[in-house]
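# What the coordinates show
Spelled out, the chains give:
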Amino acid sequence: MSLRATLHQSHAIRARLGLMATQFSTSTGFADGVSLRELPKSNIFTVKLPPDPAFETPESSHNAPREALGPRLVKGALYTYVRPELIEEAILLGVSPKAMKDLGLKPGQESESQFKDLVSGKSFFWDEENGGIYPWAQCYGGWQFGSWAGQLGDGRAISLFESTNLKTNMRFELQLKGAGRTPYSRFADGKAVLRSSIREFIVSEALSALGVPTTRALSLTLLPKSKVLRERIEPGAIVARFAESWLRIGTFDLLRARGDRDMIRKLATFVAEEVFRGWGALPAAMSLSEDQSMSSIDHPERGVPWNEIQGNQGFEENRFARLYREIARRNAKTVAAWQSYGFVNGVLNTDNTSIYGLSLDYGPFAFMDNFDPHYTPNHDDHLLRYSYKNQPTIIWWNLVRLGESLGELIGAGDQVDEERFVREGMAEHAAPVVIKRAEGVIDRTGKEFRAVFLNEYKRLMGRRLGLKTQKVSDFNDLFSEILDTLEALELDFNHFFRRLSSVPLADLETKAKCEEVASIFFHSEGFGGIGYTENSAKERIGRWLGNWRTRILEDWGPSNDLERQVAMKKVNPNFLPRGWVLDEVIERVELRGDQEILGRVMHMALNPFNTEWGLCREEEERFCGDVPRYKRAMMCSCSS
Ligand code: AMP
Ligand code: MG
């Protein structure tokens, strides 16, 4: 098999910068999507950002033996051209129909050999004529568990191209995870095992269906001949995945650690212009009075008053501060969605925190079962750094690292484009002002992060509880009280909301009725916790149900209860890919060769609010039912 892309077509050339879009915008129609070949492809990332100087062109990388590419330290670059490793055999196990649609691919493409070859890394696009599209791996670093880890990078992910959906104009970077070693593989093998690939394949799409921003999964391919050593020998696999951007806070971290200020500026500009599609898409600048921004700065010894350095009296945030705020706001919303749906990432290092605010990097993640703020699915996280309740704080911790990387840019105020500043950075005498100003931006962004987080959390939790309006008292009376109750009685977080959705208000008219309903939230074996009797447990839940009923009546009136139930079921999933379900899927796919379950569970994950899916009733009910007692709050190791 030639490594040269069998898919290489002249289409790819014109598509390089999205030029093909016009071709389809009229009568040909792309309502059902286009073929893989027709999909507009680009490589804006590699065109606009600097390549690894050791292999500056696709040709130089392509002609080098794979081993020559690395692993090694790569400096002055944001990526290295690297091709997927050759594989002997590949079996496409499944695709996500929603991913196909969102990419703009027409249904049925998955049975074409072109598609299978692409998503398994057997062939790839190479647009030579434009010196253009050729696979690449990104260079980044990261703070892991609070310590600086140095260069990391895509050690087993290889990006193939960016594609644009002609209908939505969404642009995605498509990449293969598990396609072999790259310069960033360090000591590892560049492979991914089937077990963790199944988990990523399903959860990416499940989160997307819940409306949680996430990287996506197009397909899962088994490499039957690949034997991968983890805790045992396991089969290898490749997930073809895509995202609006794969840039992470860790990408900036590495540049900062190396003092590469030019590249920080270049990358920040790229993020604003290409990822967010223009500075105009960012939040408007906040104007701050002298008092708010600078009051404490004083420079008597150098005789330079801050307003001279700054050039104006008031201070308006510059565009890099607006970029920082956009990244913070996006991450605030995403972590609010995690908290609202009980999703725990498990490893929120800065290299796993997205610049675009996506849920990113699926290792030992989980949807929590019983509500437990201390829960972490990460077996190795002894300090609970990445536990459920710490997620918002940790995301902010990561964003402060980003603020530090952008510090000079956000602190430079309106002097950010001055030639001397661009060339040499801040003059020594201006440093205190710039630092102070950057700290001000970070502080204010922290407040904004908190506000955006809380708003989104309240919005989502209110929606989950069937509320149409927000009252200040809801936070304590409804949100906190039910969470405390679930925690105290060791009851399931997501089942609570789903079951509540179908409780008719007519069943809650008296205290006695409320207490009778309370037991629907119990596990099959009852409830847990210390110090509760069945009566006191029912009483506590019953009291809450009574308060909730009053609030629902306020919002919906007495005669709209069916609509309220329908609305709640649209936001409270019946199915979630819990740890135990994924374990069963893995066992059946890996040990029993049962591929069909993968399609069924993907279908459930993509339609999480359904009452039934019409596929396999017994299995559906089991997967949506009580989590078997000894399979709750599972943990997994990071090995994947
Ligand atoms: P993660 O724990 O998945 O966030 O990965 C941390 C870093 O290790 C990233 O740079 C990954 O690309 C790299 N990495 C993880 N597993 C492998 C592997 N099997 N081969 C190469 N690099 C890996
Ligand atoms: Mg990672």
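Note that the coordinates shown come from a computational prediction; the quantities given were computed from them, not determined experimentally.

## Quick look at the side chain of threonine 376
- Within the element layout of this structure, threonine 376 appears in the loop between β15 (366–367) and α12 (391–405).
- Only 3.0 Å separates the side chain of threonine 376 from the backbone nitrogen of asparagine 378, close enough to count as a polar contact.
- Among residues more than four places away in sequence, those in contact with threonine 376 are Asp381, Leu384, Tyr386, Ser387 and Met635.

## Comments concerning the pairing of strand β8 (residues 171–177)
- Counted residue by residue, β8 has seven buried out of seven residues, so it is predominantly covered.
- On β8, burial covers both faces: Arg171, Glu173, Gln175 and Lys177 on one face and Phe172, Leu174 and Leu176 on the other are all buried.
- Bridge count between strand β7 (residues 157–164) and β8: seven bridges; the pairing is antiparallel. When the bridges of β8 are listed, phenylalanine 161 appears paired with leucine 174.
- Where β7 hands over to β8, the hairpin turn is made up of six residues, of which asparagine 169 adopts a positive phi near 65°.
- Across five bridges, the pairing between β8 and strand β11 (residues 233–243) is antiparallel. Bridging from a neighbouring strand, leucine 174 pairs with phenylalanine 242 of β11.

## Considerations on the domain arrangement of the chain
- Examined at the domain level, the chain breaks down into domain 1 (4–246), domain 2 (260–293 + 314–461) and domain 3 (465–569).
- Computed over C-alpha atoms, the centres of domain 2 and domain 3 are 36 Å apart.
- Domain 2 puts 15 residues into the contact, and the matching count from domain 3 is 14 residues.
- Of the roughly 1300 Å² buried at the junction of domain 2 and domain 3 (both faces included), carbon and sulfur atoms supply 61%.
- Area buried by domain 2 at its contact with domain 3 is led by Asn370, Phe371 and Met461, which between them contribute 51% of it.
- The tally of links from domain 2 across to domain 3 stands at zero salt bridges.
- Where domain 2 meets domain 3, there are six residue pairs in polar contact (both at pLDDT 80 or more).
- At the level of elements, α11 (319–341) and α15 (431–464) are the ones that each hand at least two residues to the side of domain 2 that touches domain 3.
- Element by element, the count of residues in the side of domain 2 that touches domain 3 is highest for α15, at six residues.
- Its residues assigned to classes, the side of domain 2 that touches domain 3 comprises seven nonpolar, five polar and three charged.

Conventions used here
- Residues numbered from 1 in each chain as written.
- Chains lettered and ligands numbered in written order.
- Predicted model: local features only at pLDDT ≥ 70, side-chain atom pairs only at ≥ 80, totals over all residues.
- Heavy atoms only, no water.
- Helix = DSSP H or I, 4+ residues; strand = E, 2+ residues; numbered from the N terminus.
- Polar contact = N/O pair within 3.5 Å; in protein donor to acceptor, adjacent residues only side chain to side chain.
- Contact = heavy atoms within 4.5 Å.
- Buried < 20%, exposed > 50% of the residue type's maximum accessible area, 1.4 Å probe, protein only.
- Pairing = 2+ DSSP bridges.
- Domains from an automatic or database assignment.
- Buried area = accessible area lost by both parts, 1.4 Å probe.
- Salt bridge = Lys/Arg side-chain N within 4 Å of Asp/Glu carboxyl O.
- Nonpolar A, V, L, I, M, F, W, Y, C, P; charged D, E, K, R; others polar.

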